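Residue-level structural notes
Take a look at the letters that make up each chain.
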Amino acid sequence: MEEISTAVQRLYDTYPFPPDPLLDEPPPGYNWRWCWRAAYNFCTGRTPPKEKIRILDAGCGTGSSTEYLIGLNPQAAVIGMDLSEGAIRVAKERTQRSGISTPGTPTPEFRCLSLYDVAQLPGQFDLINCVGVLHHLPDPVRGLQTLALKLAPGGLMHIFVYAELGRWEIRLMQRAIALMQGKSRNNYQEGVKIGREIFEALPPDNRLVQYEAQRWALENQRDECFADMYVHPQEIDYNVETLFELIDASGLEFVGFSNRSYWQIERLLGKSPELMERVEKLSDRERYRLIELLDPQITHYEFFLGRSPLPRSNWSKDETLLAAIPELSPCLNGWPNQTLFDYDYQLVQLSSEEFEFMRACEVNTDFIESEQSQTSERPQKTVQEILSEVQLDLEGVRSLRSRQLILLTPNPS
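Reference entry: report on the structure contained in this document. The structure displayed is predicted, hence computed values, not measured ones.

The rules behind the values
Residues numbered from 1 in each chain as written. Predicted model: local features only at pLDDT ≥ 70, side-chain atom pairs only at ≥ 80, totals over all residues. Heavy atoms only, no water. Helix = DSSP H or I, 4+ residues; strand = E, 2+ residues; numbered from the N terminus. Buried < 20%, exposed > 50% of the residue type's maximum accessible area, 1.4 Å probe, protein only. Areas by Shrake-Rupley, 256 points an atom, 1.4 Å probe, with all protein chains shown as cover. Lys, Arg positive; Asp, Glu negative; His and termini not counted. Charge placed at Lys NZ, Arg CZ, Asp CG, Glu CD. Phe/Tyr/Trp six-rings, centres within 6.5 Å; stacked < 30°, edge-to-face > 60°. Lys NZ or Arg CZ within 6 Å of the ring centre and 35° of its normal. Polar contact = N/O pair within 3.5 Å; in protein donor to acceptor, adjacent residues only side chain to side chain. Contact = heavy atoms within 4.5 Å. Patch = residues over 30% accessible without salt bridge, like charges linked within 9 Å, V, L, I, M, F, W, Y side chains within 5 Å. Salt bridge = Lys/Arg side-chain N within 4 Å of Asp/Glu carboxyl O. Pairing = 2+ DSSP bridges. Core = buried A, V, L, I, M, F, W, Y, C linked by side-chain atoms within 4.5 Å. Axes fitted to C-alpha atoms, helices over the stretch in contact; angles between N-to-C directions.

1. Remarks on the overall build of the protein chain
The number of helices and strands found in the protein chain is 17 helices and 11 strands. Seen through its C-alpha atoms, the protein chain measures out along the principal axes to roughly 75 × 60 × 40 Å. Taking all 413 residues of the protein chain together, the buried fraction comes to 51%. Taken as a whole, the protein chain presents about 19800 Å² of accessible surface, with 50% of it coming from carbon and sulfur. Positive and negative charge centroids in the protein chain, built from 41 and 59 side chains respectively, lie 3 Å apart.

Here it is, written out as structure tokens:
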């Protein structure tokens, strides 16, 4: 096991990953999965009870994800950890150069640690981000269980692991390169060279060549990406059944897949009422397995786990919804316009009534973002008060909420 960890560390010291460029400004855009306020709303249907949280980026690599976690959560204390010293050096430089930390916000920390040694970090974390790490461990179950012990009550963990069906061609090429390398498999630069020569030599109608051209060729122009994909010394791929074995072993609650639209069976079988009737008899996990069998292009799973107590709000009662405090999602691109990109970078066309309601929510959003928001006595507007000013009904409000365009806070009064 230690030998595998050493090999993985050597790969990322040779090819620090991801190879995103270092910028002298904050990163562009957002990833809502790394925004505590948006992620908590996605998982529970409401805003989180606190903003001053602790975040762990477990397997931060060169710090691209850490940088977003810092920028999207200005009140959070963020720690990035990784096995590779080379990657950690780049991560530190990245966050320093971009100026993502501002005066008055917590200073990010970085630690060179194995995931198995996360217990060395003090305390627990409200949000743990673990992207592209578990499947490179010799014992992913132990890794996830170790992380789970560091998740605070009411906290969320965001996970990303590989899926076997959409990576079949990748696995074939990995084995071909390893076979050609023989005993020099841990020479990653040689592995990259051999892999590129194989792709160049294969006929253009070869299945592996076509798959690489269709899915990965652009990013794999960089040796760091090519090495991570094709010459990695350790990889475990999952299907839905083995994925949930991993999740169940964590002792945490499966909250849901973060790419929710992919897991809607209606997109595949919706035109057949007879088949949909049969689908209704399946459990959630059986339905997930059916989806990946019928659409085996998925290359990874991304999902949230949670530790109770994790409250849920569905806003089905009119009186509760009317009393709620609405605010704009922190992950919108193009606001204020009726045509904009939502939290998932999908194009949205707002009606005039929806647009006016969201404009009226800005007073609450500004209040939350204000430095005086913790002490100000200025009241915030409820859904009912805003509806008295604009022409939108409650179903319209529910639609905005379900599309993650607005977030709701229960009114304690």
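2. Quick look at the packing of aromatic side chains
Remark: the centre distance and the inter-plane angle together describe each pair of aromatic rings, the angle taken between the planes. A full pass over the atoms with the stated rule returns 26 aromatic pairs. Ring centres 5.1 Å apart and planes at 70 degrees place the aromatic pair Phe254 and Phe257 in the edge-to-face group. For Phe257, a relative accessible area of 4% corresponds to the buried category. By the ring-pair criterion, three or more aromatic residues cluster together here, those being Phe244, Phe254, Phe257, Tyr262, Trp263, Tyr288, Tyr301 and Phe303. Cation over ring: Arg167 sits above Tyr162, and NZ or CZ is 3.5 Å from the ring centre. The lysine or arginine in question, Arg196, covers the ring of Phe226, its NZ or CZ lying 4.4 Å from the ring centre.

3. Description of the side chain of Glu292
Along the chain, Glu292 turns up in helix H13 (residues 284–294). Looking at Glu292, its side chain comes within polar contact range of the main-chain nitrogen of Val240, at 2.8 Å. Once residues within four sequence positions are removed from consideration, Glu292 is found in contact with Leu165, Asn239, Val240, Tyr262, Ile298 and Tyr301.

4. Overview of the environment of Thr105
Positionally, Thr105 belongs in the loop between helix H4 (85–98) and strand S3 (109–112). A C-alpha to C-alpha distance of 6.1 Å links Thr105 and Gln75, two positions 30 residues apart in sequence.

5. Re H13
Residue pairs three or four apart in sequence face the same way in an α-helix, which turns once every 3.6 residues. Among all positions of H13, only Arg287, Tyr288, Arg289, Ile291 and Glu292 are buried. Where H13 is buried, its residues contact helix H10 (240–250), strand S6 (253–257), helix H11 (266–269), helix H12 (273–279) and strand S7 (300–306).

6. A few points about a nonpolar patch on the surface
The grouping of Phe341, Tyr345 and Leu347 at the surface amounts to a nonpolar patch, some 290 Å² of accessible area in total. Structurally, Phe341 is set in strand S9 (residues 339–341).

7. Observations concerning the pairing of strand S8 (residues 325–328)
Covered by surrounding structure in S8 are Ile325 and Glu327 together with Pro326 and Leu328, the residues of both alternating faces. In this structure, S8 lies alongside strand S11 (residues 406–409), joined through 4 bridges in antiparallel fashion. The residue bridging Pro326 from the neighbouring strand is Leu408, located in S11.

8. As for the nonpolar core
Ranked by size, the top nonpolar core spans 44 residues in total, and within it Leu56, Tyr301 and Phe303 carry the most contacts. By residue number, the principal contributor to this core is H10, which donates 5 residues. Excluding residues within four positions of it along the chain, Phe303 makes contact with Met157, His158, Ile159, Val161, Leu243, Ile247, Phe254, Gly256, Phe257 and Ser258. Formed by 25 residues, the second largest nonpolar core is a distinct cluster that contains Trp32, Cys43, Ile53 and Cys331.

9. Overview of the pattern of salt bridges
Per the counting criterion, the structure on display carries 25 salt bridges. In this structure, the salt-bridge partner of Glu253 is Arg312, at a minimum N-O distance of 2.4 Å. In this pair, Glu253 sits in strand S6 while Arg312 sits in the loop between S7 and helix H14 (318–323), placing the two residues 59 residues apart along the sequence. A residue is classified by how much of its surface remains accessible, and Arg312, at 43% relative accessible area, is partly exposed. Among the charged side chains, a salt-bridge network with shared partners connects Arg167, Arg171, Glu235 and Asp237.

10. Section: the environment of Arg94
Following the sequence through the fold, Arg94 ends up in helix H4. Once the C-alpha coordinates of Arg94 and Glu362 are considered, the two residues, 268 residues apart in sequence, prove to be 32 Å apart.

11. Some points on unusual backbone geometry
Peptide bonds are trans in most cases, and residues, glycine excluded, mostly fall at negative phi. Following Phe17, the chain continues to Pro18 via a peptide bond in cis, the omega torsion being -5 degrees. Within the secondary structure layout, Pro18 lies in the loop between helix H1 (2–14) and helix H2 (36–44). In this structure, the amide linkage connecting Trp335 to the following residue, Pro336, adopts the cis form with an omega of 5 degrees. The phi angle at Tyr345 is positive, at roughly 60 degrees, despite the residue not being glycine. In this fold, Tyr345 is placed in the loop between S9 and strand S10 (347–349).

12. With respect to H2
Along H2, 9 of the 9 residues are buried, which leaves the element largely enclosed by surrounding structure. If you check which residues of H2 are buried, you get Trp36, Arg37, Ala38, Ala39, Tyr40, Asn41, Phe42, Cys43 and Thr44. At the C-terminal side of H2, Gly45 shows a positive phi close to 85 degrees.

13. Examining the sheet that holds S6
Spatially, S3-S2-S1-S4-S5-S7-S6 is the arrangement adopted by the 7 strands of the open sheet, whose pairing is mixed. Each edge of the open sheet is held by one strand with a lone partner, namely S3 and S6. In this sheet, neighbouring strand axes are inclined to one another by 20 degrees on average, regardless of whether the strands run parallel or antiparallel. Pairing analysis gives 4 bridges linking S6 to S7, with the strands arranged antiparallel. Its bridge partner being in S7, Phe257 is matched across the sheet by Phe303. On top of the sheet, H4 reaches strand S2 (77–82) and S3; it is set at about 170 degrees to S3, its chief contact.

Any functional reading would require information beyond the geometric quantities listed.
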